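# Understanding the architecture of this molecule
What follows is the residue order along each chain.
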Amino acid sequence: MSFMDGAAAPDPIQDGSDQGFMADVLEPSRETPVIVDFWAPWCGPCRTLQPALEKAVLAAKGKVRLVKINIDENPGVAGQLGVRSIPAVYAFDKGRPVDGFMGAIPESQIKMFVDKLAGADMSADIDEFFAQANESLALNDFGGAAQGFAQVRQLDPENVKALAGMARIYVLTGE
């Protein structure tokens, strides 16, 4: 039965397990990207990351799903993926891992991560990061400028303007 037949859309956020990994992550990722959040109840950064990750997934309105796996209860898949520290977040698309990050990251980067998976138009974000980078550069804040150009390159690795911006920073700082 498809969604068109009147079935409710599946919950975009769910708890997962080692046993259900194939059914909860790999199979659904053939249709919709699935983010897997490996966490544990004792992990402080996990408690910070999870609400922001859930918020971004809900904002994607079904274009991406989230499966949360408690590694204390389900260490198998995390071990197979080589997870050494948590939080660890992996994105699966078409049945394979395509992206990810370790540790708690700022909400803006979480939103970018989810939006990129959801296929959102990132041009507004790219323009915003360029503006921030150029403003930082004008104030001789080379660290802030480098961060802005790096965020553009994260969204668009082939972006020549961002690469040129990084080169300019290296020249100005003598690196």
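Since we're looking at a predicted model, the values are computed, not measured.

Reading the values: the criteria
Residues numbered from 1 in each chain as written. Predicted model: local features only at pLDDT ≥ 70, side-chain atom pairs only at ≥ 80, totals over all residues. Heavy atoms only, no water. Axes fitted to C-alpha atoms, helices over the stretch in contact; angles between N-to-C directions. Helix = DSSP H or I, 4+ residues; strand = E, 2+ residues; numbered from the N terminus. Parallel < 35°, antiparallel > 145°, perpendicular 65-115°, else oblique. Left-handed = near helix turned anticlockwise from the far one by under 90°. Contact = heavy atoms within 4.5 Å. Nonpolar A, V, L, I, M, F, W, Y, C, P; charged D, E, K, R; others polar. Disulfide = S-S within 2.5 Å. Buried < 20%, exposed > 50% of the residue type's maximum accessible area, 1.4 Å probe, protein only. Phe/Tyr/Trp six-rings, centres within 6.5 Å; stacked < 30°, edge-to-face > 60°.

### Regarding the packing of helix 6 (residues 142–155) against helix 7 (residues 160–173)
- For the pair helix 6 and helix 7, interaxial distance at closest approach is 9 Å and the crossing angle is 155°. Considered as vectors, helix 6 and helix 7 are oriented roughly antiparallel to each other. For the pair helix 6 and helix 7, the crossing hand works out as left-handed. Contacts between helix 6 and helix 7 pair Phe142, Ala145, Ala146, Phe149, Ala150, Val152 and Arg153 from the former with Ala162, Leu163, Gly165, Met166, Ile169, Leu172 and Thr173 from the latter.
- Residues belonging to the contact of helix 6 with helix 7 are distributed by class as follows: eleven nonpolar, two polar and one charged.

### Here's the deal with the state of the cysteines
- A complete count under the given rule lists one disulfide for this structure.
- Paired through a disulfide, cysteine 43 and cysteine 46 show a sulfur-sulfur distance of 2.3 Å. On the sign convention where negative is left-handed, the bridge of cysteine 43 and cysteine 46, at about 80° about the S-S bond, is right-handed. Taken individually, cysteine 43 and cysteine 46 each receive the classification buried, so the pair is uniform in this respect.

### Describing the packing of aromatic side chains
- Counted according to the given criterion, the structure contains four aromatic pairs.
- For the ring pair phenylalanine 38 and tyrosine 90, a centre distance of 6.0 Å and an interplane angle of 80° mean the geometry is edge-to-face. With a gap of 52 residues between them, phenylalanine 38 in strand 2 (residues 34–39) and tyrosine 90 in strand 4 (residues 88–93) connect regions that are remote in the sequence.
- Judged by relative accessible area, which is 0%, phenylalanine 38 ranks as buried.
- With centroids separated by 5.0 Å and ring planes inclined at 90°, the aromatic side chains of phenylalanine 101 and phenylalanine 113 adopt a geometry described as edge-to-face. Highlighted residues: phenylalanine 101 in strand 5 (residues 96–102) and phenylalanine 113 in helix 4 (residues 107–118), separated in sequence by twelve residues. The burial state of phenylalanine 101 is the same as that of phenylalanine 113; both residues are buried.

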